[in-house]
Every structure is written in C-alpha cells, then in structure tokens.
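One-letter residues, chain by chain:
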Amino acid sequence: MVTLIERLKRREEAALHEWMSRDGGGAMRLATLLLKDHYEAEDVVQDAFILAFNKVEQLSNEEKLTKWLLSIVVSQCRRRTRTWSFKHLLLSSNEELMESVEDCSPLQLLLTEESRRNVIQTIQRLQPVYREVIALYYYSEYSIKEIADLINVKENTVKSRLARARKQLAQFLKEGEEDERTRGSKKVHR
C-alpha cells in the first residue's frame, strides 16, 4: 500500500487534496487564532501547503506530516505578524473557530457563542508568543513536548509561556468583568 507521503513525493494532485482535506481544518483554526483574521489565515494556510508540498522530500515519516505542516503554519504566521500592515488589521471573522451547539435553546446558543467570542477575543489580546502556545495547547491539543518540537524551543520555555499566558488571560478576563460591572452600575444610576 502506497502511503500519503509517498504519493505526495510523486507529486500526485489527489494526494495533495487528500492532505488538505485531512489537515486543512486544523491548520486553518490555528492560523485564524494566531492571526486574528480569517482571510489572512486562509493565505497563510495556502502558502504553508504549497511550501510543504514543494519540500515534502525532506520528510520521511508520515506520522510527522501534520506536525510539520503546523510548524510551517506557525512560522508563516510569525512572519506575517512582523509586517507593519498586518498589525493594523482587525479580527474580521472567527466562524472557523465556532462549532455548532446542538440541543440548546436560542438563549443558551447566544450566550455560548458570546462566551466563546469573548474568550477568543481575550486570547487574541495576548502577545504572539503566548497566543501561539495557547492555540497549540488548547485548540490543537498538543502536549508540551510536541509544542516545543513544533516551535523549536525548550519544554521549559513552553511551560513558562503557558503559565504567563494563563496569568495574562485571567487578568484580562478579570478586567473585562470589572468593566462589565462598571457599565452595568452606570445604567442603573441613570
């Protein structure tokens, strides 16, 4: 049986489509969370697949194909965030990150979506190095060791970045709750 990586090395277009179907969703979620922009994320993921497809000969182990692609996505996202024009873009869409919630009332659905949107917006306030580890750990569900391998840093660096990211997230959420209470009390006094 011919493996996907062997078919990719033979430049089979069907193999590329299969790979994109298999790993494209995860790559897209990661890029969208890191870049805060759905359209930029699409460009990055497309570029990552092209780059990976052109260099697939470098890879011999099919089990590492997904991680290799995600490391390219992270690298491409880092490159994009360094450009001046990117820093001035706003989050345009996070539909890729929203999953449907079944068996919920319309109110529950609205509250769930609003809560997810708040969490995503809060994560996107983090510095890129912290947003990166949060996205890989919680959204892509990689272990600390896998993240360290993926972004080419030590495991302790990943652990400290996760700890700092969690601390900042807690602070941002606390500030948001305080702002919400302040706005609520101003409405009551009017």
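Residues numbered from 1 in each chain as written. Predicted model: local features only at pLDDT ≥ 70, side-chain atom pairs only at ≥ 80, totals over all residues. Heavy atoms only, no water.

This part is about the overall build of the chain. Of regular secondary structure, the chain possesses eight helices and zero strands. Shown N-terminal to C-terminal, the secondary structure of the chain runs as helices and strands in the order α-α-α-α-α-α-α-α. Within the chain, buried positions represent 36% of all 190 residues. Expressed as a percentage of contacts within the chain between residues at least 6 apart in sequence, the contacts between residues at least 24 apart total 65%. (Helix = DSSP H or I, 4+ residues; strand = E, 2+ residues; numbered from the N terminus. Buried < 20%, exposed > 50% of the residue type's maximum accessible area, 1.4 Å probe, protein only. Contact = heavy atoms within 4.5 Å.)

Before going further, it helps to examine helix 2 (residues 13–35). Look at helix 2: only 28 Å from first C-alpha to last across 23 residues, short of the 33 Å you get at 1.5 Å a residue. Along helix 2, the sharpest change in direction is near 50 degrees and occurs at Asp23. Just downstream of helix 2, Lys36 is the residue with a positive phi angle, here 70 degrees. (Expected span 1.5 Å × (residues − 1). Bend = angle between axes of the 7 residues up to and from the residue.)

Moving on, we get to the confidence of the model for the chain. Should the pLDDT be low somewhere, the predicted coordinates at that spot are not to be read in detail. Per-residue confidence for the chain gives a mean pLDDT of 79; residues scoring 70 or more make up 74%. No element of the chain has a lower mean pLDDT than helix 5 (residues 106–123), which averages 69, and none a higher one than helix 2, which averages 92. Every residue in residues 84–102 is under pLDDT 50, and counting partners more than four places away or in other chains gives 36 contacts. (pLDDT = per-residue confidence, 0-100.)

A few words now on the packing of helix 3 (residues 38–54) against helix 4 (residues 65–81). Contact geometry of helix 3 with helix 4 gives a least axis separation of 9 Å together with a crossing angle of 130 degrees. With respect to helix 4, the element helix 3 is oriented oblique. The interaxial crossing formed by helix 3 with helix 4 has right-handed handedness. For the pair formed by helix 3 and helix 4, the contact residues are Glu40, Asp43, Val44, Asp47, Ala48, Phe49, Leu51 and Ala52 on the first element and Trp68, Leu69, Ile72, Val73, Gln76, Cys77, Arg79 and Arg80 on the second. (Axes fitted to C-alpha atoms, helices over the stretch in contact; angles between N-to-C directions. Parallel < 35°, antiparallel > 145°, perpendicular 65-115°, else oblique. Left-handed = near helix turned anticlockwise from the far one by under 90°.)

In this section: the packing of helix 2 against helix 3. Two elements in contact, helix 2 and helix 3, have axes whose closest approach is 8 Å; the angle formed by their N-to-C orientations is 135 degrees. Between helix 2 and helix 3, the interaxial angle falls into the category oblique. Seen along the crossing, helix 2 lies across helix 3 with a hand that is right-handed. Touching Leu16, Trp19, Met20, Asp23, Gly24, Ala27, Met28, Ala31, Thr32 and Leu35 of helix 2 are His38, Glu40, Ala41, Glu42, Val44, Val45, Phe49, Ala52 and Phe53, all from helix 3. Of the residues in the contact of helix 2 with helix 3, the class split is 13 nonpolar, three polar and three charged. (Nonpolar A, V, L, I, M, F, W, Y, C, P; charged D, E, K, R; others polar.)

This next bit is on the nonpolar core. Soluble globular proteins: nonpolar side chains tend toward being buried together. Among the nonpolar cores identified, the biggest contains 48 residues, and Leu8, Trp19 and Val73 are the most heavily contacted of them. When residues of this core are traced back to their parent elements, those giving at least two are helix 1 (4–9), helix 2, helix 3, helix 4, helix 5, helix 6 (128–139), helix 7 (144–151) and helix 8 (155–189). When residues in this core are grouped by element, the largest group, 10 residues, is from helix 2. Here Leu8 is in contact with Ala15, Leu16, Trp19, Phe53, Val56 and Leu65, once residues within four sequence places are set aside. (Core = buried A, V, L, I, M, F, W, Y, C linked by side-chain atoms within 4.5 Å.)

The next thing to look at is the packing of aromatic side chains. Within the structure shown, the criterion is met by two aromatic pairs. With a centroid separation of 5.1 Å and 80 degrees between ring planes, the pair formed by Trp19 and Phe49 is classed as edge-to-face. Taken together, the positions of Trp19 in helix 2 and Phe49 in helix 3 put the pair 30 residues apart, joining distant regions of the chain. Here Phe49 falls in the buried class, since its relative accessible area comes to 3%. Relative to Tyr138, the ring of Tyr137 has its centre 4.8 Å away and its plane inclined at 85 degrees; by these criteria the two rings are edge-to-face. Overall, the relative accessible area of 29% leaves Tyr137 in the partly exposed class. Tyr138 sits in the partly exposed class, given a relative accessible area of 43%. When the ring centre of Phe53 is taken as reference, the NZ or CZ atom of Arg11 above it lies at 4.7 Å. (Phe/Tyr/Trp six-rings, centres within 6.5 Å; stacked < 30°, edge-to-face > 60°. Lys NZ or Arg CZ within 6 Å of the ring centre and 35° of its normal.)

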